[in-house]
2 protein chains.
Amino acid sequence: MNDNKRSLGLAVAQMGAVNLADTRESVVARLMAMMREAKSRGAEFVVFPELALTTFFPRYWMSEAEAQQRFFEPAMPGPATQPLFDLARELQMGFYLGYAELTPEGQPFNTAILVDRAGKITGKYRKIHLPGHSEHKPEAPFQHLEKKFFEVGDLGFRVFDTDAVRMGMCICNDRRWPETYRVMALQSAEVVVLGYNTPSVNIHWNEPAHLRTSTHLVSLQSAAYQNGIWVAAAAKCGSEDGHHMIGSSVIVAPTGEIVARALSEEDEVICVKADLTLGEFFREHVFNFAKHRRPEHYKLITERTGAGEPVA
Amino acid sequence: MNDNKRSLGLAVAQMGAVNLADTRESVVARLMAMMREAKSRGAEFVVFPELALTTFFPRYWMSEAEAQQRFFEPAMPGPATQPLFDLARELQMGFYLGYAELTPEGQPFNTAILVDRAGKITGKYRKIHLPGHSEHKPEAPFQHLEKKFFEVGDLGFRVFDTDAVRMGMCICNDRRWPETYRVMALQSAEVVVLGYNTPSVNIHWNEPAHLRTSTHLVSLQSAAYQNGIWVAAAAKCGSEDGHHMIGSSVIVAPTGEIVARALSEEDEVICVKADLTLGEFFREHVFNFAKHRRPEHYKLITERTGAGEPVA
């Protein structure tokens, strides 16, 4: 099984700030420029950020109706995003894109899609671990209203065979929860891709600033190692109308090692040739789930939601 | 809740090699010396390694009967270990100790106990994630026969209130599995302690040597952060009769940061004053399980043992 090395040219296209005044068309032009750069550097798949098409609007207090009118996509592709799909087909490049989805039934989700090299949508994910709050916090320097603007995702953590790679998706805060990756690894995922917008300031407690980045990295590194998967994570970062977000987009190998990392807080492409057979050593030995897992001792993970008292 | 800071003087007593020729009494004398040092440096609890009383015998091919006769404890405390319990009571010091347990019914387990400051056993854990193999591998440089010598632990991942701290335990390979910590965090663990013996060479595949340590660290760091707990891990390390094991015993804060690390591969005490309220910031906000977890999407974690096909 390890004799025929399979590899994937895997790129992450980190984005600098998208301000309120920026148009969808200007954003898509930036994404297309990065897709072309990724292609020129050997990539076959490129990961774009969460809510890539607009500013990170959950920081602003407004009505659901206003948010949906200004920031949500009723169709994907739509008029502004069709060129990205056309370019994918032209370049034979798959991609992950995060955006605010408004369904025909009017349901709002924080969504990501997988698109294959033919420009066809092969998978969809709707964010499950919505962080933040739903009420107005006028005393906070900014809001984090994901629990107001989005419904909890209803599609689960699925994996998709896209251009012969078994790929899973998650979004931003999902990346900090080990359950996210385990559910996908139990479906034999080889690669998990994600986008994120992470404010540099924690509005909930006085968290030292450096932890915003270190906890991001350690979560991705352990996830890659403990599941024998590649993980590729794309930030939207820098200062959006004065609101700063962390960068440090990375690609992590199944060894848990960071093999590519963005250094700027601007549009920046990072790219690796990902050896897809590398994860098999981990999945066949230390994390051979069939041999070593003991689900009879994991029951609390699905039986309880919150933390409770000791089991006697 | 965060106004009254609670702290714990937390020490890890890493051990250098225990060779085949070493007696239980000589080992216990080393443990007692480190307990005294830990006390002198402000510790109230000290973590000793896995299978601390003998060499790491699962590396040797022998019969179960021979292993049990040479390396297992039919009683705890027994004649050789009673002095450690007596010293704990004298110093008012709690501890974690790993040893090979032979039950009155003849069942062999890889076991750890919690002992309180009165020298009383307040908790027991039997290792669940047994690594290695049960068959003889004559071509390998050494064996890893935990699946031969031990039964899978039958006590689950419980937590115990010991000297007013809610503490969980695991052993060695358990530390690489996120389920381990999550089950204990769902019982409101504040501290998880563990011992380990990790050979520096992977006999299963040609794993780069540095990964033996980096994957150990990233597993502990993510576990501490993602559960808002302190994690303290004690190695037995160095060269046991020519068989080398990694050191890098650490204490990790709920921030995911390594706050103390052993530098030698010998007997060495590391110690911190652990702020037990620090974890509450994580458990109340980013990892407020009751607010953010979605067990309805985690079902595969308990429904499947091995990795399988994608869920449609």
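Criteria and thresholds
Residues numbered from 1 in each chain as written. Chains lettered and ligands numbered in written order. Predicted model: local features only at pLDDT ≥ 70, side-chain atom pairs only at ≥ 80, totals over all residues. Heavy atoms only, no water. Contact = heavy atoms within 4.5 Å. Buried area = accessible area lost by both parts, 1.4 Å probe. Salt bridge = Lys/Arg side-chain N within 4 Å of Asp/Glu carboxyl O. Polar contact = N/O pair within 3.5 Å; in protein donor to acceptor, adjacent residues only side chain to side chain. Helix = DSSP H or I, 4+ residues; strand = E, 2+ residues; numbered from the N terminus. Buried < 20%, exposed > 50% of the residue type's maximum accessible area, 1.4 Å probe, protein only. Least-squares fit on C-alpha atoms with pLDDT ≥ 70 in both. Pairing = 2+ DSSP bridges. Right-handed = clockwise from strand over helix to strand, strands pointing away. pLDDT = per-residue confidence, 0-100. UniProt positions renumbered as here; feature names shortened; annotations may be inferred. Axes fitted to C-alpha atoms, helices over the stretch in contact; angles between N-to-C directions. Parallel < 35°, antiparallel > 145°, perpendicular 65-115°, else oblique. Nonpolar A, V, L, I, M, F, W, Y, C, P; charged D, E, K, R; others polar.

## Describing the interface of chain A and chain B
Taken together, the 65 residues of chain A in the interface contact 66 residues of chain B. Between chain A and chain B the total buried area reaches about 6,200 Å² when both faces are included, carbon and sulfur atoms providing 63% of it. Its largest share of buried area at the contact with chain B, chain A owes to Trp177, Trp205 and His297 of chain A, together 11% of the area lost on that side. Where chain A meets chain B, there are six salt bridges. In this structure, the connection of chain A to chain B is made through 40 residue pairs in polar contact (both at pLDDT 80 or more). If you list the elements that add at least two residues to the side of chain A that touches chain B, you get α5 (178-185), α6 (210-227), α7 (278-284), α8 (289-292) and α9 (300-303) of chain A. Ranked by the residues each element gives to the side of chain A that touches chain B, the list is headed by α6 of chain A, at nine residues.

## Brief notes about unusual backbone geometry
Across residues other than glycine, the phi torsion is negative in most instances, and most of the peptide bonds are trans. A cis geometry characterises the amide bond from methionine 76 of chain A onward to proline 77 of chain A, with omega recorded as -5°. Here proline 77 of chain A lies in the loop between α2 (64-71) and α3 (82-91). Of note, alanine 164 of chain A is a non-glycine position whose phi angle comes to about 65°, a positive value. Assessed through its relative accessible area of 66%, alanine 164 of chain A is described here as exposed. In the Ramachandran plot, glutamine 92 of chain B falls in the positive-phi region, its phi being about 55° despite a non-glycine side chain.

## Concerning the relation of the copies chain A and chain B
It takes a turn of 180° to lay chain A on chain B, together with a shift of 0.0 Å along the axis; the resulting RMSD is 0.0 Å. Considering both components of the superposition, the chain copies are consistent with a two-fold axis. Interface residue correspondence from chain A to chain B reaches 100%, placing this contact among same-surface, isologous pairings.

## Structural notes on the pattern of salt bridges
Counted under the stated rule, the structure contains 46 salt bridges over all chains. Note that glutamate 179 of chain B and arginine 182 of chain A form a salt bridge whose closest N and O atoms lie 2.6 Å from each other. Of this pair, glutamate 179 of chain B sits in helix α5 (residues 178-185) while arginine 182 of chain A sits in helix α5, which puts the two residues in different chains. Put simply, glutamate 190 of chain B and arginine 6 of chain B hold a salt bridge, and the shortest N to O gap is 2.6 Å. Residue glutamate 190 of chain B is located in the loop between α5 and β8 (191-196), and its partner arginine 6 of chain B is located in the segment before β1 (7-14); the two are separated by 184 residues in the primary sequence. The network of salt bridges with shared partners includes Glu101, Lys124, Arg126 and Asp154 of chain A.

## Things to note about the pairing of strand β7 (residues 165-171) of chain A
All names here are of chain A. The buried count for β7 comes to seven of seven residues, which makes it a mostly enclosed element. Inspection of the sheet shows strand β6 (residues 159-162) paired to β7 by four bridges, in the antiparallel sense. Each bridged residue has a counterpart across the sheet, and for threonine 162 the counterpart in β7 is valine 165. Taking the sense of rotation as the criterion, the β-α-β connection linking β7, α5 and strand β8 (residues 191-196) turns out right-handed.

## A look at the confidence of the model for chain A
All names here are of chain A. Summary statistics for chain A give a mean pLDDT of 97 and a share of 99% for residues scoring 70 or more. Ranking the helices and strands of chain A by mean pLDDT puts strand β2 (residues 45-47) first, with 99, and α7 last, with 95. Across the interfaces of the predicted complex, the ipTM metric reaches 0.96, alongside a pTM of 0.97.

## Structural notes on the UniProt feature "domain: CN hydrolase" (unreviewed entry) in chain A
UniProt records the feature "domain: CN hydrolase" (unreviewed entry) for residues 8-278 of chain A in the present numbering. The distance from the first to the last C-alpha atom of residues 8-278 of chain A is 12 Å, and the span holds 24% helix and 28% strand.

## Describing the side chain of histidine 144 of chain B
Residue and element names in this part refer to chain B. Note on placement: histidine 144 falls in the loop between β5 (121-126) and α4 (146-149). Here histidine 144 falls in the buried class, since its relative accessible area comes to 11%. A polar side-chain atom of histidine 144 sits 2.9 Å from a polar atom in the side chain of glutamate 146. Apart from the residues within four sequence positions on either side, histidine 144 is in contact with Phe56, Pro58, Pro131, Gly132, His133, Pro199 and Ile203.

## Some words on the packing of helix α1 (residues 24-40) of chain B against helix α3 (residues 82-91) of chain B
All names here are of chain B. It is at 10 Å that the axes of α1 and α3 come closest, and there the two elements cross at 10°. On the basis of the axis angle, α1 is roughly parallel to α3. Residue-level inspection shows Val28, Leu31, Met32, Met35, Arg36 and Lys39 of α1 in contact with α3, the latter providing Pro83, Leu84, Leu87, Ala88, Glu90 and Leu91. Each residue belonging to the contact of α1 with α3 can be placed in one class, and the counts come to nine nonpolar, no polar and three charged.

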